[in-house]
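So the chains spell out like this:
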Amino acid sequence: MKTLSIVIPVCNEQKCLVPLYERLKKVLATLEMNYEIIFVNDGSTDSSYEAMERLRSKDSCVKTLDFSRNFGHQIALTAGMDCAVGDAVVVMDADLQHPPELIPKLLHEWERGNDAVYTVRRKTEGIGLLKRITSGLFYRFLSKMSETPISPRAADFRLLDRKVVDSILRMRERARFLRGMVQWVGFRQTFVEFDASQRYGGASKYSLTRMLRFGIDGMTAFSRVPLRIATYLGLILSLFAFIYAGYALAVKLFTSRTLPGWTSLIVTVLLLGGAQLLTVGILGEYVGRIYDETKRRPLYLIRRAQGFDREIEPPEK
Ligand code: UDP
Ligand code: MG
């Protein structure tokens, strides 16, 4: 019999865990598969860890990982995949925005020979207009700029075959943007649409600044186009400067109206200053990431791992 692993990152979700577990169990009981449920406690400050431990003490299918602090959603997903033994791995959020009832559909696509089945939100209840618009624009922009197509509205709810999981786990980069990484590895992929429901309880952990950081991570991890902005901006500005220099010379040589020219001066200074800051900033984003990667720190640290039948250590190379 094949094994299915469910990986769930948890950061302050004490209210959601029991209802999630119950709905999951109901679905998993209908499958003819062995399964394990891996909760990754990503530095929760509420009683999420106690709640998952309570579930584990009653059910040997539940396994828990406890991080030493908060390492972030994408890293929590990675840690869960590191420890998962399934022939297929489903990752999903803890807040019940990802309906467990969709899992049989994902499995059906997997059995038809797809190696990665990702999900796309048809509509999302209870998501602010601002988040919807900015995220839509961001993914459209990112897809244009990167060589890897990244589907807009894709959720961090997906089923991955063992070979896709192993491929992704070989990518140990720190700035993890799993939506892009899954697309990057290739294999046979398909998607399933679903209606995301409202968060069951608690609050979203993605504030505007966190979303922005996530967006910049995705952009820099999958596109070098921003680096080229410096080149293009430089080219365009030089062209203008060249034309303007010709004009200035002509005015000087053939007319007598050489005015102090405050406006053109200030505009040029501001424009050049802005362009320089922008391109230095873009360079900084990439250089900072090179710095982060060269330190080769482990992606995460585990305080406790419970319920696994083998020693759990982050497999760093
Ligand atoms: N999460 C996490 N670590 C974090 C932030 C979030 O493990 O630092 C988990 C969170 O518990 C949830 C999932 O990642 O299971 C998605 O987070 P959230 O629902 O806050 O994001 P949103 O759905 O609002 O984009
Ligand atoms: Mg959510």
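In this text, all values refer to a predicted model and were calculated from it rather than measured experimentally. Along every chain, residues carry numbers that run from 1 in the direction the sequence is written. The order in which chains are written sets their letters, starting at A; the order in which ligands are written sets their numbers, starting at 1. Only residues with pLDDT of at least 70 get local features here, since the model is predicted, and only at 80 or more are side-chain atom pairs given and counted; chain-wide, interface and lining totals rely on the full set of residues. As a rule here, side-chain values come from all non-hydrogen atoms in the structure, and water together with hydrogens is ignored.

**Examining the packing of helix α9 (residues 225-254) against helix α10 (residues 262-295)**
Where α9 contacts α10, the two axes come as close as 9 Å, and the packing angle between them is 160 degrees. Taken together, the axes of α9 and α10 are roughly antiparallel relative to one another. Both α9 and α10 take part in a crossing whose hand is left-handed. Between α9 and α10, the residues in contact are Pro226, Leu227, Ile229, Ala230, Leu233, Leu237 and Tyr244 and Ser264, Leu271, Leu272, Ala275, Leu278, Thr279, Ile282, Leu283 and Tyr286, respectively. Residue polarity is assigned by list, with Asp, Glu, Lys and Arg as charged and Ala, Val, Leu, Ile, Met, Phe, Trp, Tyr, Cys and Pro as nonpolar; anything else, Gly included, falls into the polar class. The residue inventory of the contact of α9 with α10, partitioned by class, reads 14 nonpolar, 2 polar and no charged. Every angle, taken between N-to-C directions, lies between 0 and 180 degrees, and every axis is a line fitted to C-alpha atoms, over only the stretch in contact when it is a helix. Only runs of H or I of at least four residues qualify as helices and only runs of E of at least two qualify as strands under DSSP, and these elements are numbered from the N terminus. Angle categories are assigned with fixed cut-offs, so that under 35 degrees is roughly parallel, over 145 is roughly antiparallel, 65 to 115 is roughly perpendicular, and the rest are oblique. Handedness of a crossing is defined here by the sense of rotation of the near helix relative to the far one, left-handed for an anticlockwise turn of less than a right angle and right-handed for a clockwise turn. We call two residues in contact when some of their heavy atoms are within 4.5 Å.

**Side note on the side chain of Ser5**
Along the polypeptide, Ser5 turns up in strand β1 (residues 3-10). Overall, Ser5 belongs to the buried group, its relative accessible area being 0%. Polar contacts here mean pairs of N or O atoms no more than 3.5 Å apart (in protein, one a potential hydrogen donor and the other a potential acceptor; neighbouring residues in sequence count only if both atoms are side-chain atoms). Side chain to side chain, Ser5 and Glu36 meet in a polar contact 2.6 Å long. The contacts of Ser5, once residues within four sequence positions are left out, are Glu36, Ala84, Val85, Gly86, Ala88, Val89 and Val90. Buried residues are those whose accessible area, probed at 1.4 Å on protein chains only, stays under 20% of the maximum for their type, while exposed residues exceed 50% and partly exposed ones sit between those limits.

**Here we look at the environment of Ser48**
Its location among the elements puts Ser48 in helix α2 (residues 48-58). With 100 residues separating them along the chain, Ser48 and Thr148 place their C-alpha atoms 36 Å apart. Look past the residues within four positions of Ser48 in its chain and what remains in contact with it is Val10, Asn12, Glu13, Gln14, Leu17 and Asn41.

**Thoughts on the nonpolar core**
One finds Phe67, Met81, Leu160, Ile168 and Phe177 to be the most contacted residues of the largest nonpolar core, which totals 39 residues. Mapped by element, the contributors of at least two residues to this core are β2 (34-41), β3 (62-67), α3 (73-83), β4 (88-91), α5 (129-145), α6 (162-169), α7 (178-185) and α8 (208-222). For this core, the element with the most residues is α3, which contributes 6 residues. Those residues in contact with Ile168, other than ones at most four positions away along the chain, are Met81, Leu160, Arg176, Leu178, Met181, Val182 and Val185. Of all hydrophobic cores here, the second largest spans 37 residues; its members include Val10, Leu20, Tyr35 and Ala155. Among buried residues, those of type Ala, Val, Leu, Ile, Met, Phe, Trp, Tyr and Cys that are joined through side-chain atoms within 4.5 Å constitute a nonpolar core.

**Quick word on the site of ligand 1**
Around ligand 1 sit 18 residues in total, of which Glu13, Asp42, Ser204, Lys205 and Arg210 are the nearest. Between an oxygen atom of ligand 1 and a side-chain N or O atom of Asp95, the distance comes to 2.6 Å. Arg210 has a polar side-chain atom sitting 2.5 Å from an oxygen atom of ligand 1. If ligand 1 stood free it would expose 530 Å²; the protein chains cover 93% of that surface. Taken together, the residues that form the shell around ligand 1 break down as 5 nonpolar, 5 polar and 8 charged. Consider each residue's heavy atoms; a residue with any of them within 4 Å of a molecule or strand counts as near. Accessibility throughout is a Shrake-Rupley quantity obtained with a 1.4 Å probe, and a residue counts as covered only by protein chains that appear here.

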